[in-house]
Amino acid sequence: QVQLVESGGGLVQPGGSLRLSCAASGRTFSVDTIAWFRQAPGQEREFVARISRRSGLDYEDSVKGRFTISRDNAKNTGYLQMNSLKAEDTAVYYCAADTAAVISRRADRYDYWGQGTQVTVSS
């Protein structure tokens, strides 16, 4: 079993930056894949980025070049660095993890989820 807790969300101006953290506990040694999803009001949960020990990196096209996903295994923590933020990035951001090397961008392929953290981009 793995537990995830997101942090680092908040209010930023367009063009600003924010770094989200995903702290993992439990059987963290078994985690292969960490991913970030986001969900805006009235919309479905959307894939943002993924990092996997065995299957590498993946980014949604709209965030490519602006967002960077990373992980610090010694700290059992994943990160999402968000730069050049736009109003369209406003959403609740969720951390997800799985013991498998997940390739799919579907949310239902991930076994473990955090509670979400709000990111608001507005002037």
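The structure we're discussing is the one just above.
Residues numbered from 1 in each chain as written. Predicted model: local features only at pLDDT ≥ 70, side-chain atom pairs only at ≥ 80, totals over all residues. Heavy atoms only, no water.

*Asks:* Residues and numbers for the overall build of the protein, please.
*Replies:* Along its length, the protein carries zero helices and eleven strands. The N-to-C order of helical and strand elements in the protein reads β-β-β-β-β-β-β-β-β-β-β. Rg of the C-alpha trace for the protein: 13 Å, near the compact-globule value of 14 Å for 123 residues, within the 12% margin. Seen along its three principal axes, the alpha-carbon backbone of the protein occupies a region of about 40 × 25 × 25 Å. Taking all 123 residues of the protein together, the buried fraction comes to 44%. Excluding contacts between residues fewer than 6 apart, the proportion of contacts in the protein whose partners are at least 24 apart in sequence is 58%. Looking at the protein as shown, the accessible area adds up to about 6300 Å², and 46% of this sits on carbon and sulfur atoms. For the protein, the distance from the average site of its 15 positive side-chain charges to the average site of its 13 negative ones is 5 Å. (Helix = DSSP H or I, 4+ residues; strand = E, 2+ residues; numbered from the N terminus. Rg over C-alpha atoms; globule rule 2.2 N^0.38 Å. Buried < 20%, exposed > 50% of the residue type's maximum accessible area, 1.4 Å probe, protein only. Contact = heavy atoms within 4.5 Å. Areas by Shrake-Rupley, 256 points an atom, 1.4 Å probe, with all protein chains shown as cover. Lys, Arg positive; Asp, Glu negative; His and termini not counted. Charge placed at Lys NZ, Arg CZ, Asp CG, Glu CD.)

*Asks:* Quick rundown of the pairing of strand β1 (residues 2-7)? Include the residues and the values.
*Replies:* The alternating pattern of β1 places V2, L4 and E6 on a buried face, while none of Q3, V5 and S7, on the opposite face, is buried. Bridge analysis of β1 against strand β3 (residues 18-26) gives six bridges, and the strand direction is antiparallel. Counterpart to V5 in the pairing with β3 is A23. (Pairing = 2+ DSSP bridges.)

*Asks:* With reference to specific residues and values, describe the sheet that holds β1.
*Replies:* Read from one edge of the open sheet, four strands run β1-β3-β8-β7, paired in antiparallel fashion. At either end of the open sheet lies a strand with only one pairing partner, and these are β1 and β7 (67-72). Sheet twist, expressed as the average angle between the axes of neighbouring strands with direction ignored, equals 15°. The pairing of β7 with strand β8 (residues 77-82) spans six bridges and is classified as antiparallel. From the neighbouring strand, I69 faces β8, where its bridge partner is L80. (Axes fitted to C-alpha atoms, helices over the stretch in contact; angles between N-to-C directions.)

*Asks:* Mind laying out the pairing of β7, listing which residues take part and the relevant values?
*Replies:* Burial along β7 is one-sided: the residues F67, I69 and R71 are buried and none of T68, S70 and D72 is. Hairpin connection, β7 to β8: the antiparallel pair is bridged by four residues, and N76 has positive phi, about 55°.

*Asks:* I'd like a description of the state of the cysteines, backed by residues and values.
*Replies:* Using the criterion set out here, one finds one disulfide in the structure. Here C22 is linked by a disulfide to C95, with a sulfur-sulfur distance of 2.0 Å. Note on the C22 and C95 pair: the S-S dihedral is about -80°, so by sign convention the disulfide is left-handed. Taken together, the positions of C22 in strand β3 and C95 in strand β9 (residues 91-98) put the pair 73 residues apart, joining distant regions of the chain. Here C22 matches C95 in class, with each residue buried. (Disulfide = S-S within 2.5 Å.)

*Asks:* Summarise the environment of Y112; cite the residues concerned and give the values.
*Replies:* Tracing the sequence through the fold places Y112 in strand β10 (residues 112-113). For Y112, a relative accessible area of 14% puts it in the buried group. Residues Y112 and G8 lie 104 residues apart in sequence; the distance between their C-alpha atoms is 19 Å. Leaving out residues up to four positions away in the same chain, Y112 has contacts with Q1, V2, L4, C95, A96, A97, D98 and T99.

Coordinates in, geometry out; function isn't part of it.
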